[in-house]
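Observations on the three-dimensional arrangement
Listed below are the residues making up each chain.
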Amino acid sequence: MVAGLQQKRLASFDGTELCYYTGGSGPAVVLANGLGGPIRSYKHIVEQLKADYKILTWDYRGLYGSGRPADVAAVGMDQQIRDLEILMEAEKIDQAIVLGWSMGVQVGFEFYRRHADRVAGLVMLCGVAGS
């Protein structure tokens, strides 16, 4: 766990239980991690941002604290984006800066492609775009 973030749980659109983390206040920043990146990977970023921003990040379905979907094939980009939509709705986040790392770059770009009006900015690190 990272100081300053609260761990929460939420059932996604298909019933998969998601583990997510949120904290801070102000404009929202979504941290979309890489497949091998647990919450502690963002420790230093969270420490710098939590005083001025509301932070939202989550464990992708089937990883770390999140549950495995009933359909093991339901881990594609479509499901990841739908999970993010539900998490933002639960936390009443209308718009956010999306910081993506590794696979999170694809999550960020795809979320932007579908919901440009909900993205205040993109910060993409060490990833590739594409399918």
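For the structure, see preceding data.
Everything in this summary refers to the structure shown in the same document.

Conventions used here
- Residues numbered from 1 in each chain as written.
- Predicted model: local features only at pLDDT ≥ 70, side-chain atom pairs only at ≥ 80, totals over all residues.
- Heavy atoms only, no water.
- Helix = DSSP H or I, 4+ residues; strand = E, 2+ residues; numbered from the N terminus.
- Expected span 1.5 Å × (residues − 1).
- Buried < 20%, exposed > 50% of the residue type's maximum accessible area, 1.4 Å probe, protein only.
- Contact = heavy atoms within 4.5 Å.
- Axes fitted to C-alpha atoms, helices over the stretch in contact; angles between N-to-C directions.
- Parallel < 35°, antiparallel > 145°, perpendicular 65-115°, else oblique.

Moving on, we get to helix 2 (residues 77–90). An ideal rise of 1.5 Å per residue puts 20 Å on 14 residues; helix 2 measures up with 20 Å between its terminal C-alpha atoms. Taken residue by residue, helix 2 has Gln-79, Gln-80, Ile-81, Asp-83, Leu-84, Leu-87 and Met-88 as its buried positions. Packed against the buried residues of helix 2 are strand 1 (6–11), strand 2 (17–23), strand 3 (28–32), strand 4 (54–58), strand 5 (96–101) and helix 3 (103–114). Looking one or two residues past helix 2, Lys-92 carries a phi angle of roughly 55 degrees, positive in sign.

Leave glycine aside and you will find that most residues have negative phi; peptide bonds, for their part, are mostly trans. Its identity is not glycine, yet Lys-92 carries a phi of approximately 55 degrees, on the positive side. Topologically, Lys-92 is positioned in the loop between helix 2 and strand 5. One non-glycine residue with positive phi stands out, namely Ser-102, at about 55 degrees. Look at Ser-102 and you get partly exposed, because its relative accessible area is 32%.

Attention now goes to the packing of helix 2 against helix 3. Look at helix 2 against helix 3: their axes get within 10 Å of each other, and the N-to-C directions meet at 70 degrees. If you check the angle between helix 2 and helix 3, you find them roughly perpendicular. Of the residues in helix 3, those in contact with Met-77, Asp-78, Gln-80, Ile-81, Leu-84, Glu-85 and Met-88 of helix 2 are Met-103, Gln-106, Val-107, Glu-110, Phe-111 and Arg-114.

Geometric descriptors of this kind do not, in isolation, establish any biological role.
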